[in-house]
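Here is what each chain is made of, one letter per residue.
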Amino acid sequence: SQQGEEDPQALSIQEGENATMNCSYKTSINNLQWYRQNSGRGLVHLILIRSNEREKHSGRLRVTLDTSKKSSSLLITASRAADTASYFCATDGSGTSYGKLTFGQGTILTVHP
Amino acid sequence: GAVVSQHPSRVICKSGTSVKIECRSLDFQATTMFWYRQFPKKSLMLMATSNEGSKATYEQGVEKDKFLINHASLTLSTLTVTSAHPEDSSFYICSAGGSTNSPLHFGNGTRLTVT
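Residues numbered from 1 in each chain as written. Chains lettered and ligands numbered in written order. Predicted model: local features only at pLDDT ≥ 70, side-chain atom pairs only at ≥ 80, totals over all residues. Heavy atoms only, no water.

S.K.: Hey, could you go over the overall build of chain B for me, with residue numbers and the actual values?
M.R.: Looking only at helices and strands, chain B has 0 helices and 11 strands in total. The linear arrangement of helices and strands in chain B, starting from the amino end, is β-β-β-β-β-β-β-β-β-β-β. What you see for chain B is a C-alpha radius of gyration of 13 Å, in line with the 13 Å of a compact globule of 115 residues. By principal-axis analysis of the C-alpha atoms, chain B measures approximately 40 × 30 × 20 Å. Within chain B, the fraction of its 115 residues that count as buried is 48%. For chain B, restricting intrachain contacts to residue pairs at least 6 apart in sequence, the fraction spanning at least 24 positions comes to 52%. As displayed, chain B offers around 5,700 Å² of accessible surface, 50% of which is attributable to carbon and sulfur atoms. Charge-centre separation for chain B: the mean point of 11 positive side chains lies 7 Å from the mean point of 8 negative side chains. (Helix = DSSP H or I, 4+ residues; strand = E, 2+ residues; numbered from the N terminus. Rg over C-alpha atoms; globule rule 2.2 N^0.38 Å. Buried < 20%, exposed > 50% of the residue type's maximum accessible area, 1.4 Å probe, protein only. Contact = heavy atoms within 4.5 Å. Areas by Shrake-Rupley, 256 points an atom, 1.4 Å probe, with all protein chains shown as cover. Lys, Arg positive; Asp, Glu negative; His and termini not counted. Charge placed at Lys NZ, Arg CZ, Asp CG, Glu CD.)

Take a look at the structure:
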C-alpha cells in the first residue's frame, strides 16, 4: 500500500529559485530515496539517504531525513527549466525485502525560464 | 547508459488480446525484479516481485491470472497482460538490481493503451 505523502502536489517557480518538496511516511525504513520522472519516462534515481543519516548532498540537491517525524525533504537550489519533472520519494521499509519500494504521491515541479 | 532495458516502450492493443512486456538487466544478473504500475499523474504502485526460477509474489489486489510474470533467466523478466481491457491501460515500469541501501535501476517504462 502507498504510505508516502508528498507536498506540495504541484510547485511552480521561476528559474534560479529554490524548490523544496516534502515527504512523509508511516513505517520504519532502511532508507529513503528520491527519484525524478520526466513525463512519460522511467525513473531516475537522485539520492538515497539511510535511516541513520540526517542530511545528504549531491550537486544542487540536498535531502534531509527526520526519522522521529517520519519525514524527508528534497531541496533543489538554483533551479533550472530542465529541472521540470515529477519528483517522488520512496521508502525501503525495514523488515521487508530490499527493493520493495513504497512511493509517495509525487510533486510536479514546473520551473519557468 | 541504461542498465535495465524495458521493451516495448509503447504498445497499443485491442481489447481481449494479450501483451507481453520485457524487462532485461543488461550488465548484471537479477534474481529479483519488480513490476510497478502507474496511472496518469499518479504514483507508482508495486504489482509484484518477480523471482528467478520460482513463482512471482503478487501484491494484494493484483490478479495473478491477469498479470502473468515469468522470470526464466537471471537477466529477463516478462509481464504478460492477458485478455487486456481498456482499464488495463497504464504505464508499467520494472526495476532490478541494487541491494540493501543501494538503489534499484528502473526501466524506461511501457505505455500500454488498450482500445
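Don't stop here, the text continues.
S.K.: Mind laying out the sheet that holds strand 1 (residues 5–7) of chain A, listing which residues take part and the relevant values?
M.R.: Residue and element names in this part refer to chain A. Strand order in the open sheet formed by 5 strands is 1-3-8-7-6, and the pairing between neighbours is antiparallel. The sheet is open, and its two edges are formed by strand 1 and strand 6 (55–58), each paired on a single side. The mean inter-strand angle of the sheet, taken between neighbouring strand axes irrespective of direction, is 15°. Of the strand pairs in this sheet, strand 6 and strand 7 (residues 61–66) are connected by 4 bridges, and their pairing is antiparallel. What sits directly across from S58, in strand 7, is L61. (Pairing = 2+ DSSP bridges. Axes fitted to C-alpha atoms, helices over the stretch in contact; angles between N-to-C directions.)

S.K.: Break down the interface of chain A and chain B for me, with residues and values.
M.R.: Opposite the 21 residues of chain A that make contact, chain B presents 24 residues. Of the roughly 1,900 Å² buried at the junction of chain A and chain B (both faces included), carbon and sulfur atoms supply 56%. Run the count over chain A and chain B and you get 1 salt bridge. A:K100 serves as the salt-bridge partner of B:E59, at 3.2 Å between the closest nitrogen and oxygen. Taken together, chain A and chain B are joined by 5 residue pairs in polar contact (both at pLDDT 80 or more). Going through the elements one at a time, strand 4 (29–37), strand 5 (43–50) and strand 10 (101–103) of chain A are the ones with two or more residues in the side of chain A that touches chain B. Among the elements that take part in the side of chain A that touches chain B, strand 4 of chain A stands out by supplying 5 residues, more than any other. Taken together, the residues that form the side of chain A that touches chain B break down as 7 nonpolar, 11 polar and 3 charged. (Buried area = accessible area lost by both parts, 1.4 Å probe. Salt bridge = Lys/Arg side-chain N within 4 Å of Asp/Glu carboxyl O. Polar contact = N/O pair within 3.5 Å; in protein donor to acceptor, adjacent residues only side chain to side chain. Nonpolar A, V, L, I, M, F, W, Y, C, P; charged D, E, K, R; others polar.)

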